[in-house]
Amino acid sequence: MSTLHDHAATIMRRSDELAAFTTVEGQITRPYGTSALLDARDQLAAWMGEADMSTHVDNVGNLFGRYEADTQSIDPKTFLVGGHFDSVVDAGRYDGTLGILTGIAVVQHLNETGRRFPFAIEVAAFADEEGNRFHTSFLGSSPVAGLWDPAWVTLEDDAGTPLKEAIRALGGDPEAIGSDTIDSGSVLGFIEVHIEQGPVLQDRNLPVAAVSSITGSLRATIEFAGMAGHAGTVPMALRRDALAGAAELVLAVEAVGASETDLVATVGTLECSPGASNVIPGHAHLTLDLRHPDSTIRERAYAGVRAQAEAIAERRSLDLDWTDSPSFAETVCDARLTKTLREAIAGEGIEPLSLFSGAGHDAITMANICPVTMLFVRCRDGISHNPAESIDEVDVEAALRVLERFLFAVAGQR
Ligand code: HGY
Ligand code: MN
Ligand code: MN
């Protein structure tokens, strides 16, 4: 029988093993719908099986491992523990996967010690949270939480591959996704263990903290079209340089982000074509990610960026194509569940701090069908969305202890 100390070591090892599932050698890059994602899912399913969970996959490609309730419980409800197993480009190895691996480890520990609850535990492994490939958010958890938009099946990635094809590559039926919503009456709650992705826990010398609320975000893909031409012969005054327009917008976005406390605004991708040193760029394509916990401020800032894009296009005689991407609203974690989580943290002798999350998480969508909470784990120097992402095994052990104690407390409340 393994202790939670042993399980923490297993999680560190498994995190390394999952990191090997990548589409780009030498990186961790695991977008939705790829064979790397499929292989990672198979590996997770195998680990779920070792923990005595039955597994199933839904149409969008999420994997669920179910650990049944005790035999006395008639018509038991489910408590969901989860995370995501897609990644950003050149990612770290803990963002998302930690929530799945801690869920599996706690279930395995419960199973090894012969304990079950008056509810089933399902470990939810979401197939797409980052949304990098199709410029989405929470593609995996959206249908689960009843927030699937059927129009999304017409989305394409930057190479023109339809989302439908990516769904089928994971074995799903694009037309059936809408029917995969979990009945909210059957779910008691959702918890995700996630790296903090910020420096506060390190600064406070704490291993874990509860999450009080999660920011909201607005996103767009933006295209400027001008006129490609000869870099040596077209006079400056006659140019319609799409990249120069995009460059102006990048700086405008930075200024908007800096204009208000807690507002952040990022251009994370910028591409131009045709892309040759002696050709004036005729097209520029960029993405906007803008966040603030208050929707009024967020929407005002977003409208401000759009107005600046329009003004730049007008002044430079460029065509502007602005497309709103799926965005997410700010979410407050459930007060009762988060109180239970704080008590579990205190029960482990750790000061029960609550943190705000500036990153988006599947708890946002899951809050549509059940109470949600999150446990943050300290990460070194707050670095995330970066291969240097790093956590300590001893903090993972603390997270496992808190998670298990939390589940016992939820069971005690039933
Ligand atoms: O973008 C986010 O906040 C998250 O990491 N998906
Ligand atoms: Mn992330
Ligand atoms: Mn994440």
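My aim in this report is to walk through the structure given alongside it, one point at a time. For clarity, every value in this text was computed on a predicted model and none was experimentally measured.

## Overview of the overall build of the chain
Regarding its fold elements, the chain presents 11 helices and 16 strands. On C-alpha atoms alone, the chain measures out to a radius of gyration of 23 Å, which is about the 22 Å that the 2.2 N^0.38 rule sets for 414 residues. Along the first, second and third principal axes, the C-alpha atoms of the chain reach 80 × 45 × 40 Å. Considering the chain as a whole, with its 414 residues, one finds that 54% of them fall into the buried category. Summed over all atoms, the accessible surface of the chain reaches about 16,800 Å², with 50% contributed by carbon and sulfur.

## Quick word on helix H2 (residues 35–50)
Spanning 16 residues, H2 covers 23 Å between terminal C-alpha atoms, matching the ideal 22 Å at 1.5 Å per step. Every buried residue of H2 is accounted for by Ala 36, Leu 37, Ala 40, Arg 41, Leu 44, Trp 47 and Met 48. Buried residues of H2, viewed axially, fall in a sector of 135°; they line one side. Residues of H2 that are exposed and angled more than 90 degrees away from the buried face: Ser 35 and Glu 50.

## Digging into the site of ligand 1
Around ligand 1, the neighbouring residues are Glu 129, Glu 130, Arg 219, Arg 291, Ala 359, Gly 360 and His 385. One nitrogen or oxygen atom from the main chain of Gly 360 is found 2.6 Å from an oxygen atom belonging to ligand 1. For ligand 1, the accessible surface in isolation is 210 Å², of which the surrounding protein chains cover 93%. Here the residues of the shell around ligand 1 are counted per class, giving one nonpolar, two polar and four charged.

## Considering the coordination of the manganese ion (ligand 2)
Surrounding the manganese ion (ligand 2) are the protein donor atoms Asp 95 (OD), Glu 130 (OE) and His 385 (NE2), at 2.0 to 2.1 Å. For the manganese ion (ligand 2), all donor residues lie on one chain, and their spacing in sequence is D-x34-E-x254-H.

## As for the packing of aromatic side chains
Two numbers describe a pair of aromatic rings. These are the distance of the centres and the angle of the planes. Across all of its chains, the model carries nine aromatic pairs by this definition. Plain terms: the ring middles of Phe 126 and Phe 190 are 6.1 Å apart, the flat faces sit at 50° to each other, and that makes the pair tilted. Of this pair, Phe 126 sits in strand S4 (residues 120–126) while Phe 190 sits in strand S5 (residues 187–195), and the two are 64 residues apart along the sequence. The class for Phe 126 is buried, based on a relative accessible area of 0%. A network of ring pairs unites the aromatic residues Phe 79, Phe 117, Phe 119, Phe 406 and Phe 408 as a single cluster. Its guanidinium or amino end placed over the ring of Tyr 67, Arg 116 lies 4.1 Å from that ring's centre, counting from NZ or CZ.

## Focus on the coordination of the manganese ion (ligand 3)
Under ideal tetrahedral coordination, the four donors around a metal are separated by 109.5 degrees; under ideal octahedral coordination, the six donors are separated by 90 or 180 degrees. Every protein donor of the manganese ion (ligand 3) is accounted for by His 84 (NE2), Asp 95 (OD) and His 194 (NE2), and the metal-donor separations fall at 2.0 to 2.2 Å. Expressed as a motif, the donor residue spacing for the manganese ion (ligand 3) is H-x10-D-x98-H. Taken as an interatomic distance, the gap from the manganese ion (ligand 3) to the manganese ion (ligand 2) is 3.6 Å; Asp 95 donates to each of them. Taken together, the positions of His 84 in strand S3 (residues 78–84) and His 194 in strand S5 put the pair 110 residues apart, joining distant regions of the chain. Its relative accessible area of 0% is what places His 84 among the buried residues.

The rules behind the values
Along each chain, residues carry numbers from 1 onward, in the same order as the chain's sequence is written. Note on labels: chains are lettered from A, ligands numbered from 1, in written order. In keeping with the predicted nature of the model, local features appear solely for residues at pLDDT of at least 70, side-chain atom pairs appear and are counted solely at 80 or more, and the whole-chain, interface and lining totals rest on all residues. The side-chain numbers reported here are obtained from all heavy atoms of the structure, hydrogens and water having been left aside. Numbering of helices and strands starts at the N terminus; helices are DSSP runs of H or I of at least 4 residues and strands are runs of E of at least 2. The atom set for the radius of gyration is the C-alpha atoms, and the globule formula is 2.2 Å times the number of residues raised to the power 0.38. Exposed residues in this analysis have more than 50% of their type's maximum accessible area, buried residues have under 20%, and partly exposed residues fall in between, with area computed by a 1.4 Å probe over protein chains only. Note on areas: Shrake-Rupley, 1.4 Å probe, and residue coverage restricted to the protein chains presented here. One less than the number of residues in a helix, times 1.5 Å, gives the span that helix is expected to have. When we speak of the arc, we mean the arc of directions from the helix axis to the C-beta atoms. Nearness of a residue to a molecule or strand requires only that one of the residue's heavy atoms be within 4 Å of it. The term polar contact refers here to a pair of N or O atoms within 3.5 Å; inside protein, the definition further demands a hydrogen-donor-capable atom paired with an acceptor-capable atom, and it admits residues adjacent in sequence only when both atoms are side-chain atoms. By the convention adopted, Pro, Cys, Tyr, Trp, Phe, Met, Ile, Leu, Val and Ala count as nonpolar, Lys, Arg, Asp and Glu as charged, and the other residues, Gly among them, as polar. Listed donor atoms are N, O and S within 2.8 Å of the metal (Na, K and Ca: 3.2 Å). As water is not included, a site may look incomplete. Two aromatic rings, drawn from Phe, Tyr or Trp (for Trp, its six-membered ring), form a pair once their centres lie within 6.5 Å of each other, and the interplanar angle then sorts them: stacked below 30 degrees, edge-to-face above 60, tilted otherwise. Note on criteria: charge over ring means Lys NZ or Arg CZ within 6 Å of the ring centre, with the direction from the centre no more than 35 degrees off the ring normal.

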